[in-house]
Amino acid sequence: MAGGDLGNGAPLSAQRRKNLAGASGWAGLVHNRRIFAIAVFASLGGLLYGYNQGVFSGVLAMSSFQRRMGDAVTNSATKGWLVSILELGAWVGVLMTGYFADKLSRKYTIVLAVVVFCIGVIVQTAAFHPSSIYGGRFVTGLGVGSLSMAVPLYNAEIAPPEVRGSLVALQQLAITFGIMVSFWIDYGTNFIGGTQGGQHEAAWRIPLALQLVPAIILGVGILFMPFSPRWLVNQGRDDEALEVLSNARNLPPDSELVQIEFLEIRAQYLFEKETSAINFPDLQDGSRSSNFKLGVYGYLSLIRERSLLYRVAIGSLTMFFQQWTGVNAILYYAPSIFQRLNLADNAVSLLATGVVGIVMFLATIPAVIWVDKVGRKPVLVSGAFIMGGCHIIVAILIGIFHNTWGSHPAAGWIACVFVWIFAMAFGYSWGPCAWILVAEIWPLSVRGKGLSIAASSNWMNNFIVGQVTPTMLQHLGFGTFVFFGIMGGFFIMFFTPETKGLTLEEMDDVFGSSEGLAAADEARQNAIFRRLGLINDTAYEKGKQDEESGHEVETQEHVSKHQ
(Lines give C-alpha, C1' and ligand atoms only; values in the text may rest on other atoms or scores of the structure.)
Protein backbone atom coordinates (compact mmCIF):
# COMPACT_ATOMS: atom_id res chain seq x y z
CA MET A 1 0.00 0.00 0.00
CA ALA A 2 3.07 2.21 0.15
CA GLY A 3 3.41 5.13 -2.19
CA GLY A 4 5.80 7.92 -2.92
CA ASP A 5 5.24 11.49 -3.97
CA LEU A 6 5.14 12.82 -7.49
CA GLY A 7 6.69 16.10 -6.49
CA ASN A 8 3.49 18.03 -7.17
CA GLY A 9 1.69 17.24 -3.92
CA ALA A 10 0.09 14.00 -5.14
CA PRO A 11 1.24 10.71 -3.52
CA LEU A 12 2.14 7.86 -5.85
CA SER A 13 -0.77 5.95 -4.30
CA ALA A 14 -3.09 8.48 -5.95
CA GLN A 15 -1.54 7.71 -9.33
CA ARG A 16 -1.79 4.01 -8.53
CA ARG A 17 -5.49 4.44 -7.71
CA LYS A 18 -6.05 6.19 -11.05
CA ASN A 19 -4.33 3.35 -12.88
CA LEU A 20 -6.42 0.73 -11.09
CA ALA A 21 -9.72 2.59 -11.39
CA GLY A 22 -10.18 2.09 -15.12
CA ALA A 23 -12.46 4.26 -17.23
CA SER A 24 -13.28 7.76 -16.03
CA GLY A 25 -15.98 10.29 -16.87
CA TRP A 26 -19.07 9.13 -18.75
CA ALA A 27 -17.48 5.76 -19.58
CA GLY A 28 -16.85 5.17 -15.89
CA LEU A 29 -20.48 5.89 -15.06
CA VAL A 30 -21.81 3.06 -17.22
CA HIS A 31 -18.94 0.65 -16.54
CA ASN A 32 -20.24 -0.22 -13.07
CA ARG A 33 -23.97 -0.72 -12.43
CA ARG A 34 -23.72 0.56 -8.87
CA ILE A 35 -21.94 3.70 -9.99
CA PHE A 36 -24.54 4.18 -12.71
CA ALA A 37 -27.29 3.90 -10.06
CA ILE A 38 -25.52 6.65 -8.11
CA ALA A 39 -25.48 8.79 -11.24
CA VAL A 40 -29.22 8.32 -11.75
CA PHE A 41 -29.75 9.16 -8.10
CA ALA A 42 -27.73 12.36 -8.54
CA SER A 43 -29.89 13.34 -11.50
CA LEU A 44 -33.06 12.93 -9.40
CA GLY A 45 -31.85 15.54 -6.94
CA GLY A 46 -31.03 17.96 -9.75
CA LEU A 47 -34.31 17.26 -11.55
CA LEU A 48 -36.28 18.05 -8.39
CA TYR A 49 -34.34 21.26 -7.78
CA GLY A 50 -34.75 22.43 -11.40
CA TYR A 51 -38.43 21.52 -11.62
CA ASN A 52 -39.16 23.46 -8.45
CA GLN A 53 -37.33 26.50 -9.83
CA GLY A 54 -39.32 26.60 -13.05
CA VAL A 55 -42.83 25.41 -12.25
CA PHE A 56 -44.15 28.47 -10.41
CA SER A 57 -43.57 30.90 -13.29
CA GLY A 58 -46.26 29.22 -15.40
CA VAL A 59 -48.61 28.85 -12.42
CA LEU A 60 -48.44 32.62 -11.77
CA ALA A 61 -49.71 33.32 -15.29
CA MET A 62 -52.72 30.94 -15.14
CA SER A 63 -56.11 32.64 -14.93
CA SER A 64 -57.54 30.12 -12.45
CA PHE A 65 -54.63 30.73 -10.06
CA GLN A 66 -55.04 34.49 -10.38
CA ARG A 67 -58.77 34.22 -9.61
CA ARG A 68 -58.12 32.06 -6.57
CA MET A 69 -55.27 34.16 -5.12
CA GLY A 70 -56.57 37.58 -6.17
CA ASP A 71 -54.50 40.59 -5.11
CA ALA A 72 -51.55 38.41 -4.02
CA VAL A 73 -50.81 37.82 -7.73
CA THR A 74 -51.93 41.07 -9.33
CA ASN A 75 -50.13 43.39 -6.86
CA SER A 76 -46.42 43.60 -7.76
CA ALA A 77 -45.25 43.80 -4.14
CA THR A 78 -47.18 40.77 -2.88
CA LYS A 79 -46.39 38.88 -6.10
CA GLY A 80 -42.70 39.31 -5.34
CA TRP A 81 -43.16 37.82 -1.87
CA LEU A 82 -45.24 34.99 -3.30
CA VAL A 83 -42.24 33.96 -5.42
CA SER A 84 -39.28 34.88 -3.24
CA ILE A 85 -40.43 33.43 0.07
CA LEU A 86 -39.30 30.01 -1.23
CA GLU A 87 -35.76 31.34 -1.67
CA LEU A 88 -35.84 32.77 1.84
CA GLY A 89 -36.76 29.32 3.13
CA ALA A 90 -34.01 27.77 1.00
CA TRP A 91 -31.45 30.16 2.50
CA VAL A 92 -32.46 29.03 6.00
CA GLY A 93 -32.39 25.41 4.83
CA VAL A 94 -28.82 25.72 3.53
CA LEU A 95 -27.62 27.18 6.83
CA MET A 96 -29.20 24.31 8.79
CA THR A 97 -28.02 21.49 6.54
CA GLY A 98 -24.37 21.42 7.63
CA TYR A 99 -25.31 20.60 11.22
CA PHE A 100 -27.88 17.94 10.30
CA ALA A 101 -25.60 16.35 7.66
CA ASP A 102 -22.91 15.80 10.31
CA LYS A 103 -25.32 14.85 13.11
CA LEU A 104 -27.92 12.65 11.35
CA SER A 105 -25.77 11.55 8.36
CA ARG A 106 -26.05 12.74 4.76
CA LYS A 107 -28.54 9.93 4.07
CA TYR A 108 -31.07 10.76 6.78
CA THR A 109 -30.68 14.49 6.20
CA ILE A 110 -31.93 13.87 2.64
CA VAL A 111 -34.88 11.88 4.01
CA LEU A 112 -35.72 14.70 6.46
CA ALA A 113 -35.44 17.32 3.70
CA VAL A 114 -37.74 15.30 1.42
CA VAL A 115 -40.36 15.02 4.18
CA VAL A 116 -40.22 18.78 4.78
CA PHE A 117 -40.36 19.44 1.03
CA CYS A 118 -43.41 17.18 0.57
CA ILE A 119 -45.28 18.88 3.44
CA GLY A 120 -44.73 22.25 1.75
CA VAL A 121 -45.85 20.94 -1.65
CA ILE A 122 -49.03 19.40 -0.19
CA VAL A 123 -49.91 22.68 1.54
CA GLN A 124 -49.45 24.56 -1.77
CA THR A 125 -51.39 22.03 -3.84
CA ALA A 126 -54.35 22.13 -1.45
CA ALA A 127 -54.25 25.94 -1.05
CA PHE A 128 -57.43 28.02 -1.19
CA HIS A 129 -55.93 31.24 0.19
CA PRO A 130 -52.65 33.14 -0.39
CA SER A 131 -51.53 32.41 3.19
CA SER A 132 -51.28 28.71 2.32
CA ILE A 133 -49.11 29.49 -0.71
CA TYR A 134 -46.84 31.72 1.38
CA GLY A 135 -46.49 29.14 4.15
CA GLY A 136 -46.22 26.19 1.79
CA ARG A 137 -43.55 27.80 -0.35
CA PHE A 138 -41.46 28.74 2.69
CA VAL A 139 -41.58 25.16 3.99
CA THR A 140 -40.86 23.83 0.50
CA GLY A 141 -37.89 26.20 0.37
CA LEU A 142 -36.49 24.71 3.58
CA GLY A 143 -36.48 21.32 1.87
CA VAL A 144 -35.15 22.59 -1.47
CA GLY A 145 -32.27 24.48 0.16
CA SER A 146 -31.31 21.46 2.22
CA LEU A 147 -31.50 19.11 -0.78
CA SER A 148 -29.47 21.49 -2.98
CA MET A 149 -26.59 21.04 -0.54
CA ALA A 150 -27.10 17.52 0.88
CA VAL A 151 -27.64 15.56 -2.36
CA PRO A 152 -24.48 16.78 -4.17
CA LEU A 153 -22.52 16.28 -0.93
CA TYR A 154 -23.74 12.70 -0.59
CA ASN A 155 -23.05 11.85 -4.22
CA ALA A 156 -19.58 13.41 -4.15
CA GLU A 157 -18.66 11.36 -1.07
CA ILE A 158 -20.03 8.01 -2.19
CA ALA A 159 -18.96 8.09 -5.87
CA PRO A 160 -15.46 7.00 -6.92
CA PRO A 161 -13.11 9.94 -7.63
CA GLU A 162 -12.83 9.33 -11.38
CA VAL A 163 -16.56 9.95 -11.98
CA ARG A 164 -17.16 12.86 -9.59
CA GLY A 165 -16.66 15.44 -12.33
CA SER A 166 -19.23 13.68 -14.49
CA LEU A 167 -21.65 13.62 -11.56
CA VAL A 168 -21.32 17.41 -11.26
CA ALA A 169 -22.00 17.72 -14.98
CA LEU A 170 -24.96 15.36 -14.76
CA GLN A 171 -26.33 17.30 -11.81
CA GLN A 172 -26.22 20.58 -13.75
CA LEU A 173 -27.81 18.98 -16.81
CA ALA A 174 -30.57 17.53 -14.62
CA ILE A 175 -31.29 20.97 -13.12
CA THR A 176 -31.78 22.55 -16.53
CA PHE A 177 -33.75 19.48 -17.67
CA GLY A 178 -36.04 19.90 -14.64
CA ILE A 179 -36.59 23.56 -15.53
CA MET A 180 -37.42 22.61 -19.12
CA VAL A 181 -39.86 19.86 -18.06
CA SER A 182 -41.64 22.17 -15.62
CA PHE A 183 -42.18 24.82 -18.33
CA TRP A 184 -43.75 22.31 -20.72
CA ILE A 185 -45.94 20.72 -18.05
CA ASP A 186 -47.22 24.21 -17.24
CA TYR A 187 -47.92 24.72 -20.93
CA GLY A 188 -49.88 21.45 -21.18
CA THR A 189 -51.96 21.79 -18.01
CA ASN A 190 -52.80 25.40 -18.92
CA PHE A 191 -55.41 23.99 -21.35
CA ILE A 192 -57.39 22.10 -18.66
CA GLY A 193 -60.85 23.68 -18.80
CA GLY A 194 -59.68 26.33 -21.29
CA THR A 195 -57.10 29.07 -21.05
CA GLN A 196 -59.40 31.90 -19.94
CA GLY A 197 -62.39 32.23 -17.59
CA GLY A 198 -63.36 28.57 -17.67
CA GLN A 199 -59.92 27.24 -16.74
CA HIS A 200 -60.09 24.54 -14.08
CA GLU A 201 -58.00 24.85 -10.90
CA ALA A 202 -56.43 21.51 -11.74
CA ALA A 203 -54.40 23.49 -14.31
CA TRP A 204 -52.16 24.83 -11.53
CA ARG A 205 -52.67 22.23 -8.80
CA ILE A 206 -51.39 19.35 -10.97
CA PRO A 207 -47.98 20.92 -11.85
CA LEU A 208 -47.43 21.74 -8.18
CA ALA A 209 -48.45 18.25 -7.05
CA LEU A 210 -46.17 16.56 -9.62
CA GLN A 211 -43.18 17.77 -7.57
CA LEU A 212 -44.06 14.96 -5.16
CA VAL A 213 -43.16 12.26 -7.71
CA PRO A 214 -39.37 12.79 -7.92
CA ALA A 215 -39.29 13.82 -4.24
CA ILE A 216 -40.87 10.55 -3.06
CA ILE A 217 -38.64 8.49 -5.37
CA LEU A 218 -35.63 10.33 -3.95
CA GLY A 219 -36.74 9.94 -0.34
CA VAL A 220 -37.56 6.23 -0.66
CA GLY A 221 -34.57 5.47 -2.88
CA ILE A 222 -32.07 6.93 -0.42
CA LEU A 223 -33.21 4.40 2.20
CA PHE A 224 -31.79 1.64 0.00
CA MET A 225 -28.52 3.48 -0.54
CA PRO A 226 -25.53 3.10 1.83
CA PHE A 227 -24.29 5.71 4.27
CA SER A 228 -21.57 8.03 3.01
CA PRO A 229 -18.18 6.36 3.66
CA ARG A 230 -16.78 9.77 4.59
CA TRP A 231 -19.47 10.21 7.26
CA LEU A 232 -18.89 6.66 8.55
CA VAL A 233 -15.17 7.35 8.97
CA ASN A 234 -15.96 10.57 10.83
CA GLN A 235 -18.13 8.50 13.21
CA GLY A 236 -15.36 5.94 13.76
CA ARG A 237 -17.24 3.23 11.82
CA ASP A 238 -14.28 2.26 9.64
CA ASP A 239 -15.38 -1.33 8.92
CA GLU A 240 -18.73 -0.12 7.54
CA ALA A 241 -16.98 2.53 5.43
CA LEU A 242 -14.71 -0.14 3.95
CA GLU A 243 -17.73 -2.31 3.13
CA VAL A 244 -19.48 0.61 1.37
CA LEU A 245 -16.40 1.29 -0.77
CA SER A 246 -16.09 -2.43 -1.55
CA ASN A 247 -19.71 -2.64 -2.71
CA ALA A 248 -19.44 0.53 -4.82
CA ARG A 249 -16.40 -0.88 -6.61
CA ASN A 250 -17.75 -4.46 -6.68
CA LEU A 251 -14.36 -5.53 -5.35
CA PRO A 252 -13.33 -7.35 -2.16
CA PRO A 253 -12.50 -5.13 0.85
CA ASP A 254 -8.83 -6.16 0.80
CA SER A 255 -8.31 -5.20 -2.86
CA GLU A 256 -5.63 -2.59 -3.43
CA LEU A 257 -7.97 -0.04 -5.01
CA VAL A 258 -10.51 -0.20 -2.15
CA GLN A 259 -7.76 0.01 0.46
CA ILE A 260 -6.19 3.08 -1.17
CA GLU A 261 -9.53 4.88 -1.37
CA PHE A 262 -10.31 4.01 2.26
CA LEU A 263 -6.95 5.27 3.49
CA GLU A 264 -7.35 8.51 1.50
CA ILE A 265 -10.69 9.16 3.22
CA ARG A 266 -9.12 8.29 6.57
CA ALA A 267 -6.23 10.67 5.83
CA GLN A 268 -8.64 13.52 5.05
CA TYR A 269 -10.48 12.90 8.34
CA LEU A 270 -7.23 12.96 10.32
CA PHE A 271 -6.13 16.08 8.45
CA GLU A 272 -9.27 18.00 9.42
CA LYS A 273 -9.06 16.75 13.00
CA GLU A 274 -5.40 17.79 13.36
CA THR A 275 -6.06 21.15 11.71
CA SER A 276 -8.79 21.83 14.27
CA ALA A 277 -6.47 20.77 17.13
CA ILE A 278 -3.70 23.09 15.90
CA ASN A 279 -5.96 26.10 15.39
CA PHE A 280 -8.20 25.62 18.44
CA PRO A 281 -6.42 23.45 21.02
CA ASP A 282 -8.73 24.53 23.87
CA LEU A 283 -11.90 23.33 22.14
CA GLN A 284 -11.17 19.63 21.65
CA ASP A 285 -13.20 18.17 24.53
CA GLY A 286 -16.13 17.21 22.28
CA SER A 287 -18.72 19.12 24.29
CA ARG A 288 -21.69 20.80 22.61
CA SER A 289 -20.37 24.22 23.66
CA SER A 290 -16.91 23.54 22.21
CA ASN A 291 -18.32 22.20 18.96
CA PHE A 292 -20.47 25.31 18.58
CA LYS A 293 -17.47 27.57 19.21
CA LEU A 294 -15.39 25.57 16.72
CA GLY A 295 -18.00 26.26 14.06
CA VAL A 296 -18.10 29.98 14.84
CA TYR A 297 -14.31 30.39 15.01
CA GLY A 298 -13.93 28.39 11.80
CA TYR A 299 -16.02 30.97 9.96
CA LEU A 300 -14.24 33.88 11.67
CA SER A 301 -10.92 32.54 10.38
CA LEU A 302 -12.13 33.26 6.86
CA ILE A 303 -12.10 37.02 7.48
CA ARG A 304 -8.92 37.22 9.58
CA GLU A 305 -6.48 36.14 6.87
CA ARG A 306 -6.27 38.45 3.86
CA SER A 307 -5.98 35.64 1.32
CA LEU A 308 -9.05 33.86 2.68
CA LEU A 309 -11.03 37.10 2.85
CA TYR A 310 -10.20 37.67 -0.83
CA ARG A 311 -11.57 34.20 -1.63
CA VAL A 312 -14.71 34.86 0.42
CA ALA A 313 -15.23 38.02 -1.65
CA ILE A 314 -14.68 36.14 -4.92
CA GLY A 315 -17.06 33.33 -3.95
CA SER A 316 -19.80 35.57 -2.55
CA LEU A 317 -19.65 38.17 -5.32
CA THR A 318 -19.57 35.53 -8.06
CA MET A 319 -22.83 34.15 -6.68
CA PHE A 320 -24.14 37.72 -6.30
CA PHE A 321 -23.50 38.53 -9.95
CA GLN A 322 -24.81 35.12 -11.07
CA GLN A 323 -28.21 35.97 -9.62
CA TRP A 324 -28.13 39.59 -10.79
CA THR A 325 -27.61 38.58 -14.39
CA GLY A 326 -31.40 38.40 -14.20
CA VAL A 327 -31.64 34.68 -14.89
CA ASN A 328 -34.12 33.92 -12.14
CA ALA A 329 -36.20 36.91 -13.14
CA ILE A 330 -36.53 35.09 -16.48
CA LEU A 331 -37.21 31.71 -14.85
CA TYR A 332 -39.75 33.04 -12.33
CA TYR A 333 -41.51 35.66 -14.45
CA ALA A 334 -40.93 34.55 -18.06
CA PRO A 335 -44.65 34.37 -19.00
CA SER A 336 -45.22 37.87 -17.58
CA ILE A 337 -42.19 39.18 -19.48
CA PHE A 338 -43.38 37.63 -22.75
CA GLN A 339 -46.86 39.08 -22.24
CA ARG A 340 -45.24 42.51 -21.93
CA LEU A 341 -43.58 41.83 -25.30
CA ASN A 342 -47.05 41.58 -26.89
CA LEU A 343 -47.31 37.78 -26.64
CA ALA A 344 -50.57 38.58 -24.91
CA ASP A 345 -52.20 35.16 -25.17
CA ASN A 346 -51.24 33.13 -22.11
CA ALA A 347 -50.77 29.93 -24.12
CA VAL A 348 -48.34 31.68 -26.49
CA SER A 349 -46.38 33.21 -23.60
CA LEU A 350 -46.12 29.79 -21.92
CA LEU A 351 -44.98 28.30 -25.24
CA ALA A 352 -42.24 30.94 -25.48
CA THR A 353 -41.32 30.15 -21.87
CA GLY A 354 -40.97 26.47 -22.80
CA VAL A 355 -38.42 27.42 -25.45
CA VAL A 356 -36.38 29.15 -22.71
CA GLY A 357 -36.10 25.80 -20.95
CA ILE A 358 -35.06 23.97 -24.11
CA VAL A 359 -32.32 26.38 -25.19
CA MET A 360 -30.91 26.64 -21.65
CA PHE A 361 -30.74 22.85 -21.36
CA LEU A 362 -29.06 22.42 -24.75
CA ALA A 363 -26.55 25.19 -24.05
CA THR A 364 -25.44 23.49 -20.84
CA ILE A 365 -24.21 20.40 -22.69
CA PRO A 366 -21.13 21.93 -24.40
CA ALA A 367 -20.31 23.83 -21.20
CA VAL A 368 -19.80 20.71 -19.10
CA ILE A 369 -17.65 19.20 -21.87
CA TRP A 370 -15.33 22.12 -22.67
CA VAL A 371 -15.07 24.28 -19.56
CA ASP A 372 -11.86 22.52 -18.43
CA LYS A 373 -10.26 23.20 -21.82
CA VAL A 374 -11.28 26.83 -22.31
CA GLY A 375 -10.95 28.09 -18.74
CA ARG A 376 -13.29 29.84 -16.33
CA LYS A 377 -12.71 33.52 -17.12
CA PRO A 378 -13.35 33.44 -20.89
CA VAL A 379 -16.58 31.51 -20.37
CA LEU A 380 -17.88 33.78 -17.59
CA VAL A 381 -16.84 37.06 -19.24
CA SER A 382 -18.29 36.17 -22.64
CA GLY A 383 -21.51 34.95 -21.04
CA ALA A 384 -21.90 38.14 -18.99
CA PHE A 385 -21.43 40.43 -21.99
CA ILE A 386 -23.76 38.41 -24.22
CA MET A 387 -26.43 38.50 -21.49
CA GLY A 388 -25.83 42.21 -20.92
CA GLY A 389 -26.11 42.84 -24.67
CA CYS A 390 -29.41 40.96 -24.78
CA HIS A 391 -30.73 43.07 -21.89
CA ILE A 392 -29.74 46.27 -23.68
CA ILE A 393 -31.42 45.27 -26.95
CA VAL A 394 -34.63 44.20 -25.18
CA ALA A 395 -34.61 47.39 -23.11
CA ILE A 396 -34.27 49.51 -26.28
CA LEU A 397 -37.11 47.63 -27.97
CA ILE A 398 -39.33 48.08 -24.89
CA GLY A 399 -38.46 51.77 -24.75
CA ILE A 400 -39.36 52.31 -28.41
CA PHE A 401 -42.39 50.05 -28.84
CA HIS A 402 -43.94 49.67 -25.36
CA ASN A 403 -47.02 51.67 -26.41
CA THR A 404 -47.24 50.32 -29.97
CA TRP A 405 -46.57 46.56 -29.72
CA GLY A 406 -49.86 45.82 -31.47
CA SER A 407 -48.76 47.52 -34.69
CA HIS A 408 -45.18 46.16 -34.48
CA PRO A 409 -45.52 42.41 -33.75
CA ALA A 410 -42.13 41.67 -35.33
CA ALA A 411 -40.42 43.82 -32.70
CA GLY A 412 -42.04 41.73 -29.97
CA TRP A 413 -40.77 38.50 -31.50
CA ILE A 414 -37.27 39.98 -31.93
CA ALA A 415 -37.24 40.84 -28.23
CA CYS A 416 -38.44 37.30 -27.51
CA VAL A 417 -35.54 35.83 -29.51
CA PHE A 418 -33.04 37.87 -27.48
CA VAL A 419 -34.55 36.52 -24.26
CA TRP A 420 -33.88 33.03 -25.67
CA ILE A 421 -30.30 34.02 -26.54
CA PHE A 422 -29.93 35.31 -22.99
CA ALA A 423 -31.02 31.88 -21.67
CA MET A 424 -28.47 30.15 -23.93
CA ALA A 425 -25.70 32.46 -22.73
CA PHE A 426 -26.48 31.70 -19.09
CA GLY A 427 -26.74 27.98 -19.80
CA TYR A 428 -23.18 27.70 -21.11
CA SER A 429 -21.54 30.22 -18.77
CA TRP A 430 -22.77 31.43 -15.39
CA GLY A 431 -25.03 28.42 -14.78
CA PRO A 432 -22.37 25.69 -14.46
CA CYS A 433 -19.13 27.70 -14.42
CA ALA A 434 -19.88 29.94 -11.44
CA TRP A 435 -20.28 26.88 -9.22
CA ILE A 436 -17.07 25.33 -10.57
CA LEU A 437 -15.14 28.52 -9.77
CA VAL A 438 -16.38 28.91 -6.20
CA ALA A 439 -15.75 25.23 -5.44
CA GLU A 440 -12.07 25.16 -6.39
CA ILE A 441 -10.60 28.32 -4.79
CA TRP A 442 -10.46 27.09 -1.18
CA PRO A 443 -7.65 25.36 0.77
CA LEU A 444 -8.61 21.96 2.15
CA SER A 445 -8.92 23.12 5.75
CA VAL A 446 -11.69 25.67 5.05
CA ARG A 447 -13.33 24.31 1.89
CA GLY A 448 -16.62 23.28 3.49
CA LYS A 449 -17.14 26.59 5.26
CA GLY A 450 -16.14 28.61 2.21
CA LEU A 451 -18.59 26.74 -0.01
CA SER A 452 -21.41 27.21 2.49
CA ILE A 453 -20.87 30.99 2.43
CA ALA A 454 -21.04 31.00 -1.39
CA ALA A 455 -24.22 28.87 -1.36
CA SER A 456 -25.74 31.19 1.23
CA SER A 457 -24.93 34.20 -0.98
CA ASN A 458 -26.56 32.45 -3.93
CA TRP A 459 -29.86 31.80 -2.15
CA MET A 460 -30.04 35.21 -0.45
CA ASN A 461 -29.53 37.04 -3.75
CA ASN A 462 -31.99 34.61 -5.37
CA PHE A 463 -34.51 35.72 -2.74
CA ILE A 464 -33.84 39.42 -3.37
CA VAL A 465 -34.18 39.03 -7.15
CA GLY A 466 -37.47 37.17 -6.78
CA GLN A 467 -38.75 39.82 -4.38
CA VAL A 468 -37.93 42.97 -6.38
CA THR A 469 -38.38 41.78 -9.98
CA PRO A 470 -42.13 42.54 -10.32
CA THR A 471 -41.60 46.10 -9.04
CA MET A 472 -38.56 46.62 -11.27
CA LEU A 473 -40.39 45.30 -14.33
CA GLN A 474 -43.21 47.71 -13.56
CA HIS A 475 -41.03 50.81 -13.03
CA LEU A 476 -37.54 50.19 -14.49
CA GLY A 477 -37.94 47.54 -17.17
CA PHE A 478 -34.65 45.76 -17.84
CA GLY A 479 -32.46 48.68 -16.77
CA THR A 480 -31.21 47.28 -13.46
CA PHE A 481 -30.29 43.90 -14.95
CA VAL A 482 -28.35 45.62 -17.74
CA PHE A 483 -26.14 47.26 -15.14
CA PHE A 484 -25.53 44.16 -13.06
CA GLY A 485 -25.17 41.84 -16.06
CA ILE A 486 -22.32 43.87 -17.49
CA MET A 487 -20.77 44.58 -14.07
CA GLY A 488 -20.46 40.82 -13.50
CA GLY A 489 -18.32 40.55 -16.64
CA PHE A 490 -16.02 43.36 -15.48
CA PHE A 491 -15.76 41.80 -12.02
CA ILE A 492 -14.56 38.49 -13.49
CA MET A 493 -12.29 40.26 -15.98
CA PHE A 494 -10.43 42.52 -13.54
CA PHE A 495 -10.76 41.01 -10.06
CA THR A 496 -11.05 37.24 -10.49
CA PRO A 497 -7.99 35.11 -11.34
CA GLU A 498 -8.08 32.19 -13.75
CA THR A 499 -8.20 28.98 -11.68
CA LYS A 500 -8.21 26.31 -14.40
CA GLY A 501 -5.67 23.60 -13.64
CA LEU A 502 -4.09 25.33 -10.62
CA THR A 503 -2.84 23.31 -7.66
CA LEU A 504 -3.74 24.39 -4.15
CA GLU A 505 -0.25 25.85 -3.69
CA GLU A 506 -0.51 27.84 -6.92
CA MET A 507 -3.90 29.07 -5.73
CA ASP A 508 -2.13 30.53 -2.67
CA ASP A 509 0.23 32.48 -4.93
CA VAL A 510 -2.66 33.75 -7.06
CA PHE A 511 -4.62 34.97 -4.04
CA GLY A 512 -1.57 36.49 -2.35
CA SER A 513 -1.34 34.30 0.75
CA SER A 514 1.51 35.44 2.96
CA GLU A 515 1.23 32.37 5.20
CA GLY A 516 1.33 29.69 2.49
CA LEU A 517 -1.82 28.15 3.87
CA ALA A 518 -2.18 25.51 1.17
CA ALA A 519 1.52 24.58 1.43
CA ALA A 520 1.16 24.13 5.20
CA ASP A 521 -1.98 22.08 4.59
CA GLU A 522 -0.10 19.90 2.12
CA ALA A 523 2.84 19.34 4.47
CA ARG A 524 0.50 18.27 7.27
CA GLN A 525 -1.47 16.04 4.90
CA ASN A 526 1.68 14.38 3.55
CA ALA A 527 2.75 13.60 7.13
CA ILE A 528 -0.58 11.84 7.61
CA PHE A 529 -0.13 10.00 4.29
CA ARG A 530 3.22 8.72 5.54
CA ARG A 531 1.71 7.47 8.81
CA LEU A 532 -0.99 5.58 6.90
CA GLY A 533 1.44 4.16 4.34
CA LEU A 534 0.21 6.21 1.39
CA ILE A 535 3.62 7.84 1.00
CA ASN A 536 6.90 5.93 1.18
CA ASP A 537 10.10 7.97 1.20
CA THR A 538 12.04 5.33 -0.75
CA ALA A 539 9.42 5.46 -3.48
CA TYR A 540 9.46 9.25 -3.17
CA GLU A 541 13.20 9.36 -4.03
CA LYS A 542 12.65 6.95 -6.91
CA GLY A 543 9.78 9.14 -8.17
CA LYS A 544 11.98 12.22 -8.06
CA GLN A 545 14.78 10.42 -9.91
CA ASP A 546 12.35 9.23 -12.59
CA GLU A 547 10.96 12.74 -12.92
CA GLU A 548 14.46 14.28 -13.20
CA SER A 549 15.57 11.70 -15.79
CA GLY A 550 12.40 12.45 -17.73
CA HIS A 551 13.26 16.15 -17.73
CA GLU A 552 16.78 15.35 -18.97
CA VAL A 553 15.41 13.28 -21.87
CA GLU A 554 13.00 16.07 -22.82
CA THR A 555 15.84 18.63 -22.72
CA GLN A 556 18.12 16.48 -24.92
CA GLU A 557 15.31 15.97 -27.45
CA HIS A 558 14.60 19.70 -27.48
CA VAL A 559 18.31 20.52 -28.08
CA SER A 560 18.66 17.92 -30.85
CA LYS A 561 15.63 19.33 -32.66
CA HIS A 562 17.16 22.80 -32.78
CA GLN A 563 20.69 21.85 -33.77
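Remember, it's a predicted structure, so these values are computed and weren't measured experimentally.

Chemist: Honestly, the packing of helix 20 (residues 409–428) against helix 21 (residues 430–440) in this entry has me stumped. Any pointers?
Modeler: Pairs of packed helices are described in terms of their axes, by the angle between the two and the distance that separates them. Two elements in contact, helix 20 and helix 21, have axes whose closest approach is 4 Å; the angle formed by their N-to-C orientations is 25 degrees. Judged by the angle between their axes, helix 20 and helix 21 are roughly parallel. Contacts between helix 20 and helix 21 involve A425, F426, G427 and Y428 from the first element and W430, G431 and P432 from the second. For the contact of helix 20 with helix 21, a count of residues per class yields five nonpolar, two polar and no charged.

Chemist: Which parts of the structure should I look at to understand the packing of aromatic side chains?
Modeler: Here the distance between the centres and the angle between the planes together describe a pair of aromatic rings. All chains considered together, the criterion is met by 16 aromatic pairs. Note on F320 and F321: the rings are 5.1 Å apart at their centroids and 80 degrees apart in plane angle, and the pair reads as edge-to-face. Judged by relative accessible area, which is 22%, F320 ranks as partly exposed. Seen in terms of ring centroids, F385 and F490 are 5.3 Å apart; in terms of plane orientation they differ by 75 degrees. Their pairing is edge-to-face. Of this pair, F385 sits in helix 19 (residues 376–401) while F490 sits in helix 23 (residues 479–495); the two residues are 105 residues apart in sequence, bridging distant segments of the chain. The exposure class of F385 is partly exposed, given its relative accessible area of 29%. Cluster of aromatic residues (ring-pair linked, three or more members): F320, F321, W324, F491 and F495. The ring centre of F56 lies 3.9 Å from the NZ or CZ of R137, which sits over that ring.

Chemist: Looking at this structure, I do not really get the side chain of R106. What am I missing?
Modeler: Along the chain, the position of R106 falls in helix 7 (residues 106–125). You can call R106 buried: its relative accessible area is 5%.

Chemist: Teacher, can you tell me more about the environment of G143 here?
Modeler: Position of G143 relative to the elements: it lies in helix 8 (residues 130–158). In this structure, G143 is in contact with A113, V116 and F117, ignoring residues within four places of it in sequence.

Rules of the game
Residues numbered from 1 in each chain as written. Predicted model: local features only at pLDDT ≥ 70, side-chain atom pairs only at ≥ 80, totals over all residues. Heavy atoms only, no water. Axes fitted to C-alpha atoms, helices over the stretch in contact; angles between N-to-C directions. Helix = DSSP H or I, 4+ residues; strand = E, 2+ residues; numbered from the N terminus. Parallel < 35°, antiparallel > 145°, perpendicular 65-115°, else oblique. Contact = heavy atoms within 4.5 Å. Nonpolar A, V, L, I, M, F, W, Y, C, P; charged D, E, K, R; others polar. Phe/Tyr/Trp six-rings, centres within 6.5 Å; stacked < 30°, edge-to-face > 60°. Buried < 20%, exposed > 50% of the residue type's maximum accessible area, 1.4 Å probe, protein only. Lys NZ or Arg CZ within 6 Å of the ring centre and 35° of its normal.

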